[in-house]
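If you want the building blocks of each chain, they are given just below.
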Amino acid sequence: MADEVNQVPQDESPKIPEVLPVLPLRDVVVYPYVIQPLSVSREVSIRAIDTALVEQRMILLVAQKQLEMDAPGPEDLYRVGTAALVMRVLKLPDGRVRALVQGVQRVKIEYFTETEGLFKARVEPLAEPEAPSGVETDALMRSVKQSLEKATTLGKSLPQEVLAIASNLDNPGRLADLVVSNLDLKLAQNQEALEIADPMRRLRKAHDMLLREIELLEVQQKITLEARGEMDKSQREYYLRQQLKAIQQELGEGSELAEEIQGFRDKLAKLKVPEEVMTEIERQLKKLERMHPDSSETAVTRTYLEWMTELPWGLTTEDNLDLKRAKQVLDEDHYGLAKIKDRLLEFLAVRKLKPDQRGTILCFVGPPGVGKTSLGRSIARALDRKFARISLGGVHDESEIRGHRRTYVGAMPGRIVQALHQAKTQNPVIMLDEVDKIGRDLRGDPSAALLEVLDPEQNNTFRDHYLNVPLDLSNVLFLANANELEPVHPAFRDRMEIIHLSSYTLEEKHAIAESHLIPRQMEKHGLKAKHLVYAGKGLRAIITGYTREAGLRQLEREIGGVCRKVARSVADGTWKAKVTLTDKNIQTYLGPLKFIPDERLQKPRVGVVTGLAWTSTGGEVLFVETLSMPGKGGLLLTGQLGDVMKESAQAALSYIRSRSEAFQIDPEVFQKRDLHIHFPEGAIPKDGPSAGLAMATALLSTLTGVPIKNTVAMTGEIDLRGDALAIGGLKEKSLAALRLGIHDIVIPHANRKDLDEIEPAVRKHLRFHPVRHVEEVFELALEGWVRPEKRKKSGSRR
């Protein structure tokens, strides 16, 4: 229950003390003789009111400059405020305080003091000069009173007692304060009026502010009257249009709306619309006939009917299931990819034998630029079907798939319906592009909405929120592509058959560039064979010296760069003879080489291992560097490593320490020296366990001083017993090693089965060394290293 503190009689006229407790006001200015209710919740403000009650019930009310500041200091407050009398205080159960204060006099703040969390200020009353009596003063006061009454007639909401008080006031300063306190002014304007001590200046200021308020009220009233006039005009136009409609019907003439409705019916006559859909369209047509042509609801219904009548109801293309032609199309569009093409031909063969077969949705997974989207186009071309692509990268609203309900302004159908509208057929090939980059937030998960689209048992009655009728998607051939599978929703992934596309080899890039990229860029830049020829070594120099990618996009850009240089010389007349691009003159057209052999591969080095990593953009070579330094046995890991990678480093070090005696490492090394493992390119996050073997090899090399062969790369996870565990992405990692000219690769023995996935053309350039234990890695990678067991037999120290 609220507690009410005793109130002071209003007829007292207290003296103003020299020092007053300070109550900062957030968005109000209190004027002398004005009674103002305040709601106080800040601790410092409540403490100021309590202090005022204990002392002389006088308090300093001063506005703060920034409204949003919760704990203002002396520098955040204005220097002029109002000394006020606390008339009544009401303490609420939630800790807040309501106070009724009355301004007494303007005061100027000389300085602030702070004791025990309470602000006080030494103040000096601002003397108010006596207003001159005379005609000018009387005229100004009368003008202000009349303006106040005029503002009330124009709609300004003022209490009746304010008008009554104003009519009886004969003090210019008090009249000015009363007027300003009842206008909707900004805090700075209120403070400006408070700081004017001269009553006549203050009254003129109040008069100007009041005139400004009257101007605003007149404009507001004008806008209101115009809006009301527009409504009356709209109603009048409606009645006239109804009369015009009746006259046109009598004369047998049609209206624009009637012509539109007839146009919709003509479109429907050419389509095989399902009965349920036709019923809904007819209902909307009848609704449109009864509407006003210019109403907003008419526009919504018209747009809906345009979508419904332009969808390809019952329109399909006939499939071409000639497998020989399909193979020819795939070979024309894509080089290599033998396994992928075989799987696609099997897919088409099943559809030929069983046309109504609702097969698995194919999902192509691979690095950027390897031809995932273009494979979809080739399938559509082989089947003689229309092709549509739905880009899902960054889509995070479920309504993007299912559409928005028509109740929303600007509602549209979802991406699936838009794709059918674009293809103009009910059985196109639709490529769901970048399904691994679908977002999710509070507006829903688009992946969940796609589950119905991709389920053959459900998609024959797919309902878009905008259309709100069943739509048969069972004849649509859905394909998908992604760079990586981990982000894809598990239930979404379960509905698709995954087909992996790997990085292109040097030979494949060379062949694709000759057969596809160079002709395309030559045609694009208006060049002919007489202008430019790419020699074999020149093309190879572009691939190895200017690109390092899994796909072909950067290669095509570099080829285009050469074509632009030649096209310019042809255009400006400086071209004289056919340009033959070789490895000798390549830098003339593309500048210095972007990728040069890494110095770390020039010779064996202590503590530097060539590791292999897999990313969503293909395989990468990852160097592991280690260093020993004086310390206390700590392990420092740098290079923006993830938790899994850090734990793998700890496991590698633990194994080395457990075998320190066998490796002839002084145990005190682990107490008196720190070890630092670093992965270069620290701006790129790295994680995963597959660098375990590499880190163990680098650590042993650093602790024993034995160099590591620069011709060996490795990948594999390590456990605490030193066993080499299987990893993923072997093919991509192998291609990355081959790009750098490394031919010996150490892999876990469990990954031997994955070697069959690597094409023979690639395997002939590589030597794989399967290992079961990390000490086999040491023998292969460390120069002159002999395993401890063999060392005892041979008597070797290493």
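Trainee: So what exactly am I meant to see when it comes to the packing of aromatic side chains here?
Mentor: Geometry of an aromatic ring pair is reported as the spacing of the ring centres plus the angle between the planes. The tally for this structure, following the rule as stated, stands at five aromatic pairs. Their ring planes at 65° and their centres at 5.8 Å tell us that Phe 663 and Trp 785 sit as a pair that is edge-to-face. Here the residue Phe 663 occupies a position in the loop between helix 21 (643-658) and helix 22 (669-672), and Trp 785 occupies one in the loop between helix 26 (774-781) and helix 27 (788-794), the gap between them amounting to 122 residues. For the ring pair Phe 778 and Trp 785, a centre distance of 6.3 Å and an interplane angle of 80° mean the geometry is edge-to-face. Through a chain of ring-to-ring contacts, the aromatic side chains of Tyr 655, Phe 663, Phe 778 and Trp 785 assemble into a single cluster. Looking at Arg 406, its charged tip hangs above the ring of Tyr 304, at a distance of 3.9 Å from the centre.

Trainee: How should I be thinking about the side chain of Arg 42 in this particular structure?
Mentor: Mapping Arg 42 onto the fold places it in the loop between strand 3 (35-40) and helix 1 (43-54). Nearest to the buried, unbridged Arg 42 among oppositely charged side chains is Asp 70, at 5.1 Å. Side-chain polar atoms of Arg 42 contact the backbone oxygen of Pro 24, separated by 3.3 Å. Not counting residues up to four positions away in its chain, the partners in contact with Arg 42 are Pro 24, Arg 26, Gln 64, Met 69, Asp 70 and Pro 72.

Trainee: Help me understand helix 7 (residues 256-269) in this model?
Mentor: Every α-helix winds through 3.6 residues per turn, so residues three or four apart in the chain are directed the same way. Given a rise of 1.5 Å per residue, 14 residues ought to cover 20 Å, and the 20 Å separating the end C-alpha atoms of helix 7 matches this to within 8%. The inward-facing, buried residues of helix 7 contact helix 8 (275-289) and helix 9 (296-310).

Trainee: Any chance you could explain the nonpolar core here in plain terms?
Mentor: In summary, soluble globular proteins display a tendency toward joint burial of nonpolar side chains. Within the largest apolar cluster, 52 residues are counted, with the highest numbers of intra-cluster contacts made by Leu 432 and Phe 478. Considering every element that reaches this core, the biggest residue donor is helix 15 (residues 446-454), with five residues. Filtering out sequence-adjacent residues up to four positions away, Leu 432 remains in contact with Ile 390, Leu 392, Leu 450, Leu 454, Phe 478, Leu 479, Ala 480 and Asn 481. Grouped together as the second largest cluster of nonpolar side chains are 51 residues, Leu 321, Leu 479, Tyr 504 and Leu 552 included.

Trainee: Please clarify how unusual backbone geometry should be interpreted in this entry.
Mentor: Keep in mind that most residues, glycine aside, have a negative phi and that most peptide bonds are trans. A positive phi angle, near 60°, is found at Asn 468, a position not held by glycine. Tracing the chain through its elements places Asn 468 in the loop between strand 11 (462-463) and strand 12 (470-471). For Asn 468, a relative accessible area of 46% puts it in the partly exposed group.

Trainee: Quick question: what am I supposed to make of the packing of helix 2 (residues 135-153) against helix 4 (residues 172-181) here?
Mentor: Axis angle and axis distance: for two packed helices, these are the angle between their axes and the distance between the axes, and together they describe the pair. Contact geometry for helix 2 and helix 4: axes closest at 11 Å, N-to-C directions at 20°. When the interaxial angle is binned, helix 2 and helix 4 end up roughly parallel. Taken as a pair, helix 2 and helix 4 cross one another with a handedness that is left-handed. The residues of helix 4 that touch helix 2, namely those facing Thr 137, Met 141, Val 144, Lys 145 and Leu 148, are Pro 172, Leu 175 and Val 179.

Trainee: Just to check I follow, could you spell out the sheet that holds strand 19 (residues 635-638) for this structure?
Mentor: Strands belonging to one sheet form pairs held by backbone hydrogen bonds; the direction of such a pair is parallel or antiparallel. An order of 19-20-18-17-21-24-25 is seen for the seven strands of this open sheet, with the pairing classed as mixed. Each of the sheet's edge strands pairs with one partner strand only, and the pair in question is strand 19 and strand 25 (767-771). Across the sheet, the mean angle from the axis of one strand to that of its neighbour is 30°, orientation sign disregarded. Examined bridge by bridge, strand 18 (residues 618-630) and strand 20 (residues 673-678) share six bridges and lie antiparallel to one another. Directly across from Thr 626, in strand 20, lies its bridge partner Ile 677.

Trainee: What exactly am I supposed to notice about the pattern of salt bridges here?
Mentor: Pairs can form between side chains of opposite charge once their charged atoms are near each other. For the structure shown, the criterion picks out 40 salt bridges. Notably, a salt bridge pairs Asp 384 with Arg 325, separated by 3.2 Å at the nearest N-O pair. With Asp 384 in the loop between helix 12 (372-383) and strand 9 (387-391) and Arg 325 in helix 10 (residues 323-333), this pair connects stretches of sequence that are 59 residues apart. Residue classification places Asp 384 among the partly exposed residues on the basis of a relative accessible area of 38%. Taking relative accessible area as the criterion, Arg 325 reaches 27% and is therefore assigned partly exposed. Among the ionic pairs, Arg 659 bridges to Glu 775, the shortest N-O distance being 2.9 Å. Note that Arg 659 is positioned in the loop between helix 21 and helix 22 and Glu 775 in helix 26, a separation of 116 residues in sequence. Taken together, the salt bridges that share partners define one network made up of Arg 106, Glu 128, Asp 177 and Arg 202.

Trainee: I keep staring at helix 21 and nothing clicks. Help me out?
Mentor: Taking 1.5 Å per residue as the helical rise, helix 21 with its 16 residues ought to reach 22 Å, and the 23 Å between its terminal C-alpha atoms agrees with that figure. Turning to helix 21, its buried residues are Met 645, Ser 648, Ala 649, Ala 651, Ala 652, Leu 653, Tyr 655 and Ile 656.

Trainee: Quick question: what am I supposed to make of the sheet that holds strand 13 (residues 477-482) here?
Mentor: Spatially, five strands are ordered 9-10-13-8-14 in an open sheet, and the strand pairing comes out parallel. In this open sheet, the two strands that pair with only one neighbour each are strand 9 and strand 14 (496-500). Across the sheet, the axes of successive neighbouring strands diverge by a mean angle of 25°, strand direction being ignored. As paired strands, strand 9 and strand 10 (residues 429-433) are joined by five bridges and run parallel to one another. Bridged to Arg 389 within strand 10 is Met 431. Sitting on the sheet, helix 14 (residues 415-423) is in contact with strand 9, strand 10 and strand 13, with an inclination near 155° to strand 9.

Trainee: Got a minute to help me understand a positive patch on the surface in this structure?
Mentor: Residues Lys 524, Arg 564, Lys 565 and Arg 568 make up a contiguous surface patch of positive charge. Tracing the sequence through the fold places Lys 565 in helix 19 (residues 553-571). Residue classification places Lys 565 among the partly exposed positions, given a relative accessible area of 48%.

Trainee: Can you help me understand the pairing of strand 2 (residues 19-25) in this one?
Mentor: Look at any regular strand and the pattern is simple: side chains alternate between the two faces of the sheet. Among the seven residues of strand 2, six are classified as buried, and the element is accordingly described as predominantly covered. Bridging between strand 2 and strand 7 (residues 118-125) involves three bridges; their strand directions are antiparallel. If you follow Val 19 over to strand 7, its bridge partner there is Arg 122. As defined by bridge partners, strand 2 adjoins strand 4 (residues 58-63) across four bridges and the pair is classed as parallel. In the strand pairing of strand 4, Leu 25 is matched with Ala 63.

What counts and how
- Every chain is numbered on its own, with residues counted from 1 as its sequence reads.
- Local features in this predicted model are restricted to residues whose pLDDT is 70 or higher, and side-chain atom pairs enter the listing and the counts only when it is 80 or higher, whereas totals over whole chains, interfaces and linings include all residues.
- Each side-chain value is worked out from all heavy atoms of the structure, with water and hydrogens disregarded.
- Note on aromatic contacts: the rings of Phe and Tyr and the six-membered ring of Trp form a pair at centre separations within 6.5 Å, being stacked when their planes are under 30 degrees apart, edge-to-face when over 60 apart, and tilted otherwise.
- By the criteria applied, helices consist of DSSP H or I runs no shorter than four residues and strands consist of E runs no shorter than two, each listed in order from the N terminus.
- Note on geometry: a ring has a charge over it if NZ (lysine) or CZ (arginine) is within 6 Å of the ring centre and within 35 degrees of the ring normal.
- Accessibility here uses a 1.4 Å probe with only protein chains present; expressed as a share of the type maximum, an area under 20% marks a residue as buried, one over 50% as exposed, and anything in between as partly exposed.
- The positive count covers Lys and Arg only, the negative count covers Asp and Glu only, and His and the chain ends enter neither.
- Any Lys or Arg side-chain nitrogen found within 4 Å of a carboxyl oxygen on Asp or Glu counts as a salt bridge.
- Here a polar contact is recorded for every N or O atom pair within 3.5 Å, except that within protein the pair must consist of a potential hydrogen donor and a potential acceptor, and residues adjacent in sequence are included only if both atoms are side-chain atoms.
- Contacts are residue-level and defined by heavy atoms, with any inter-residue pair within 4.5 Å sufficient.
- Each helix should span, by expectation, one fewer than its residue count multiplied by 1.5 Å.
- What makes a nonpolar core is a set of buried Ala, Val, Leu, Ile, Met, Phe, Trp, Tyr and Cys residues whose side-chain atoms join them at distances within 4.5 Å.
- A fitted line through C-alpha atoms serves as each axis, taken over the contacting stretch for helices, and the angle formed by two N-to-C directions is quoted from 0 to 180°.
- An angle below 35 degrees is treated as roughly parallel, one above 145 as roughly antiparallel, one from 65 to 115 as roughly perpendicular, and anything else as oblique.
- Two helices that cross are described as forming a left-handed crossing if the nearer one is turned anticlockwise from the farther one by less than a right angle, and a right-handed crossing if clockwise.
- Two strands qualify as a pair provided DSSP detects at least 2 bridges between them.
- Residues forming no salt bridge and having over 30% relative accessible area are the ones grouped into patches, like charges within 9 Å of each other and nonpolar side chains (Val, Leu, Ile, Met, Phe, Trp, Tyr) within 5 Å.
- Surface accessibility follows the Shrake-Rupley procedure with a 1.4 Å probe radius. Residue values consider only the protein chains on display as shielding.
- Every charge is mapped onto a representative atom, which is NZ of Lys, CZ of Arg, CG of Asp or CD of Glu.

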